[in-house]
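# Survey of secondary and tertiary structure
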Number of protein chains: 2
Amino acid sequence: VDYARYFSAESRSMRPNPIRALSSVINRPGVISFAGGVPSPETFPADDIAEIAAALIRERSAATLQYQPTRGNRDLLEYVAAFMQERGATRVSLENLVVTTGAQQALDVIARNLLDPGDVAAVAIPSYIGGIAALQNAQARLVGVREESDGIDMAAFEETLRRQQNVGAPVKLAYVISNFQNPSGVTLSDVKRDIILDLAARYDFLIIEDDPYGELYFDAPPPPSIFSRDRTGRVVYVGSFSKTLAPGLRVGWLAAPAPLAARFELCMETAVLCPGVLDQAIVAECCRRGLAADRLPRLREFYGVRRRAMLDALAESADPQLRWTQPDGGLFVWVDGPPAIDAEAELTRLVESGVAYIPGRPFCIDDSGKNAFRLAFSKESPDRIREGVQTLLHELSRSV
Amino acid sequence: VDYARYFSAESRSMRPNPIRALSSVINRPGVISFAGGVPSPETFPADDIAEIAAALIRERSAATLQYQPTRGNRDLLEYVAAFMQERGATRVSLENLVVTTGAQQALDVIARNLLDPGDVAAVAIPSYIGGIAALQNAQARLVGVREESDGIDMAAFEETLRRQQNVGAPVKLAYVISNFQNPSGVTLSDVKRDIILDLAARYDFLIIEDDPYGELYFDAPPPPSIFSRDRTGRVVYVGSFSKTLAPGLRVGWLAAPAPLAARFELCMETAVLCPGVLDQAIVAECCRRGLAADRLPRLREFYGVRRRAMLDALAESADPQLRWTQPDGGLFVWVDGPPAIDAEAELTRLVESGVAYIPGRPFCIDDSGKNAFRLAFSKESPDRIREGVQTLLHELSRSV
């Protein structure tokens, strides 16, 4: 059977994740890895979760092992509503919320429901590969806007919006990671959060605000979310417990104007019936006990020390052509190497020298980022981070 | 904002699940419920799962709380492969398997990848609402084939296949629940499993074989799956642990020819990154300990007694117009009432009289089933089943 004949247009638009394709290279044992953008297992509250899981299953098997409503665990929804209210989204209520199988499923569901083939969606350059993929699977046409040190270049964005409107292909959706962006670590400034809302109203588009890292700030909390400022109902917020509790539990959520949330719930019903019921119950109990909130200061400290180690080691570079971002939170630093460098071509050699990273190009829909490196500081100890950055800098200086 | 303007064609094709819309009526406390098609919580091995979950999280937090490969937990995949091999799918291997967030996600992923808007998919009348919804979300055009007591009417099906071919809209995909079908309880006979494969080759379509109930047989095991007979690579099999362990864990899988499985994996990557990691580890450990297999005889006994109670109570009906199926397994009996009966219109009155069910029409894509009832015998005790059926029969005899 020639299966390609059977594949839908959506299926044919799916592209393998370039990071997963690199996994055989980057996961070499012994290497200092800045590659995987995943939280450190050292931070998982395993003993607490073990005890909570056992107690919940024994005492409330119907709430942990049976099918549950599609929207999600009622207690969890209440905690998420309170969490968002505390952070300025004062009018959020249960009719705005839907629990998803990690934030990734929220992105997929939103894209499926809001984008027809050929619709135009805007993304930052660089941006999160899984978010880009969700838009691509919906067969959107993507337009890119460069990032500055305080987030998307709004002048360039407005030019893009105007140009797309003029050619009769207006931007319908903008995908934004507001805090400590993956892959750049950049945060959208307070003023730009207001500007993008204003642009959304004037150019008639909706915004996906993806915020998996917002609680992982190292200095001050980031500015209030775009969602919390929205008075026009144009923002869908995506949150996650993957970086603050544990990603294996696969619990994320979306917050949206009620008519959109109802539509996304409908999609979720056919997509999975309901997200993992035990996972949701565990996360709700972590919230009830205060565990989810109490651990955040330690988590910020944990990743903050690693961020500092990485930035300090980078600052020792003598190469004036090297530039890097200054993340105030999250898991990532983005490094632009000398223009002559090809980060993909160098990967195998650098892994052999003992340090792994993700090349920048897969994050850039305009195929830029050839000389860029995404460095995750989440996995390695501060000492290994220093050693790894030194190796990286040394090898890069040799290759130019 | 007028959100309808933003909805994609896929989104506009989504329909609310009619069963969920009935939930305020059917979930009345105290009522004898034949409505929910869900396993009985009495059967959940809660203590075992509690102990397993706690031990796994404590001892292997990286395998339970961290991101994992999209395809699924390696041990779980091995157990699923062995399970399918024992049941005749001797050539199944890991390259054929993908774990999903319950069987429902498998149906959604398959439909997204194999159906373009307007493609023709064939379903049984009646058929599972969640399966129909997955095909509808992919914007397929559905054609229906009536069921007989041994499954789909193959003569009528071939006529449909020929007619669709003649009008230039050939059937691309057939959706079949081979064992103890939801909602009818009917099993596709051995010979019809060969016939449908032959038809698939001659009329060039693929088959989704959905099999959540196959292990819940009360007499002899059902015939080997369509998938296990397939020598042409035209069948995608969908399995689930929801009915044999617990649905809250949301662990299902699909088995497909390797090129299709690779495509479905790609879709899963963007849909959820990976299914619930803790859930998968728990199910794998239930398999390793033999718990998943050892409990099946007791489970068959448990539901078999309830099936018998329901069939015996129905047999006491004096109404010669009443007909019902004779399920050899699963959770459901399908009752055709007198033609004058409208099961939807009667629902509120019957719930007030103390018995709940699901009306037949939502399962029938041709809007037939007006006088039909889906009765689930999974929830109530044998005594309550007898009482509920007596009430149902009594009330039906009054209403004609």
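To be clear, the structure that these remarks concern was listed above.
None of the values given here were measured: they were computed from a predicted structure.

Right, let's talk about the interface of chain B and chain A for a bit. Contacts between chain B and chain A engage 82 residues on the former and 82 residues on the latter. Summed over both partners, the interface of chain B with chain A comes to about 6800 Å²; 57% of that surface belongs to carbon and sulfur atoms. Seen at the junction of chain B and chain A, the total is eight salt bridges. Salt-bridge contacts for Arg 112 of chain A lead to Glu 10 of chain B; the nearest nitrogen and oxygen are separated by 2.7 Å. Run the count over chain B and chain A and you get 42 residue pairs in polar contact (both at pLDDT 80 or more).

What links the strands of a sheet is backbone hydrogen bonding, and the strands pair in either a parallel or an antiparallel sense. Residue and element names in this part refer to chain A. The strand order across the open sheet formed by four strands is 10-11-14-13, and the pairing between neighbours is antiparallel. Either end of the sheet is taken by a strand with one partner, and the two such strands are strand 10 (323-324) and strand 13 (358-359). Examined bridge by bridge, strand 10 and strand 11 (residues 332-336) share two bridges and lie antiparallel to one another. By the bridge assignment for strand 11, Arg 323 is matched with Asp 336.

All names here are of chain A. Strand 3 (residues 120-125) sits mainly inside the fold: six of its six residues count as buried. Summarising the sheet, strand 3 and strand 4 (residues 141-148) pair through six bridges and their orientation is parallel. Bridged to Ala 122 within strand 4 is Val 143. Taking the sense of rotation as the criterion, the β-α-β connection linking strand 3, helix 8 (residues 129-137) and strand 4 turns out right-handed. One ladder, built from four bridges, connects strand 3 with strand 6 (residues 171-177); its direction is parallel. The residue of strand 6 that forms the bridge with Val 123 is Tyr 175.

The next subject is the pairing of strand 4 (residues 141-148) of chain B. Residues and elements named next belong to chain B. Of the pairings in the sheet, the one linking strand 4 to strand 5 (residues 151-152) comprises two bridges and is antiparallel in character. Each residue of the ladder has a partner; that of Glu 148, found in strand 5, is Gly 151. Taken together, strand 4 and the strand that follows it, strand 5, pair antiparallel across an intervening segment of two residues.

Residue and element names in this part refer to chain B. On the basis of which strands lie adjacent, the open sheet formed by four strands has the order 10-11-14-13 and antiparallel pairing. Across the chains shown, the open sheet's two edge strands, defined by having one partner strand only, are strand 10 (323-324) and strand 13 (358-359). With five bridges connecting them, strand 11 (residues 332-336) and strand 14 (residues 372-376) associate as antiparallel partners. In the strand pairing of strand 14, Asp 336 is matched with Ala 372.

Attention now moves to helix 17 (residues 382-399) of chain B. Between the first and last C-alpha of helix 17 of chain B there are 26 Å, a value that for 18 residues agrees with the 26 Å anticipated at 1.5 Å per step. In the core, the buried residues of helix 17 of chain B are packed alongside strand 1 (32-33), helix 15 (296-315), helix 16 (343-352), strand 12 (355-356) and strand 14 of chain B.

With that out of the way, let us pick up the relation of the copies chain B and chain A. For the pair chain B and chain A, the relating rotation is 180 degrees, the translation along its axis is 0.0 Å, and the fit reaches an RMSD of 0.0 Å. Both copies of the chain, as the preceding transformation shows, are related through a two-fold rotation axis. For chain B, the minimum C-alpha distance to the rotation axis belongs to Ala 54 of chain B and amounts to 2.8 Å. Most of the interface of chain B is mirrored in chain A, where 100% of its interface residues are also at the interface.

Turning our eyes to something else, we now look at unusual backbone geometry. Residue and element names in this part refer to chain A. Cis geometry marks the peptide bond from Asn 182 to Pro 183; its omega dihedral reads 20 degrees. Here Pro 183 lies in the loop between strand 6 and helix 10 (190-203). Within the chain, Gln 139 stands out as a residue other than glycine whose phi angle is a positive 65 degrees. By relative accessible area, Gln 139 is classed as partly exposed at 24%. The phi dihedral of Phe 180 is positive, around 50 degrees, even though this residue is not glycine. Locating Phe 180 in the fold gives a position in the loop between strand 6 and helix 10.

Turning our eyes to something else, we now look at the state of the cysteines. Every disulfide links exactly two cysteines, by a covalent bond between their sulfur atoms. Tallying each qualifying case throughout the model produces zero disulfides over all chains. Cysteine Cys 287 of chain A remains unbridged, with the sulfur of Cys 286 of chain A as its closest cysteine sulfur at 7.0 Å. Here Cys 267 of chain B is not cross-linked by a disulfide; its sulfur's nearest cysteine counterpart is in Cys 267 of chain A, at 11 Å. Note on Cys 267 of chain B: relative accessible area 1%, which makes it buried.

Rules and cut-offs
Residues numbered from 1 in each chain as written. Chains lettered and ligands numbered in written order. Predicted model: local features only at pLDDT ≥ 70, side-chain atom pairs only at ≥ 80, totals over all residues. Heavy atoms only, no water. Contact = heavy atoms within 4.5 Å. Buried area = accessible area lost by both parts, 1.4 Å probe. Salt bridge = Lys/Arg side-chain N within 4 Å of Asp/Glu carboxyl O. Polar contact = N/O pair within 3.5 Å; in protein donor to acceptor, adjacent residues only side chain to side chain. Pairing = 2+ DSSP bridges. Helix = DSSP H or I, 4+ residues; strand = E, 2+ residues; numbered from the N terminus. Buried < 20%, exposed > 50% of the residue type's maximum accessible area, 1.4 Å probe, protein only. Right-handed = clockwise from strand over helix to strand, strands pointing away. Expected span 1.5 Å × (residues − 1). Least-squares fit on C-alpha atoms with pLDDT ≥ 70 in both. Disulfide = S-S within 2.5 Å.

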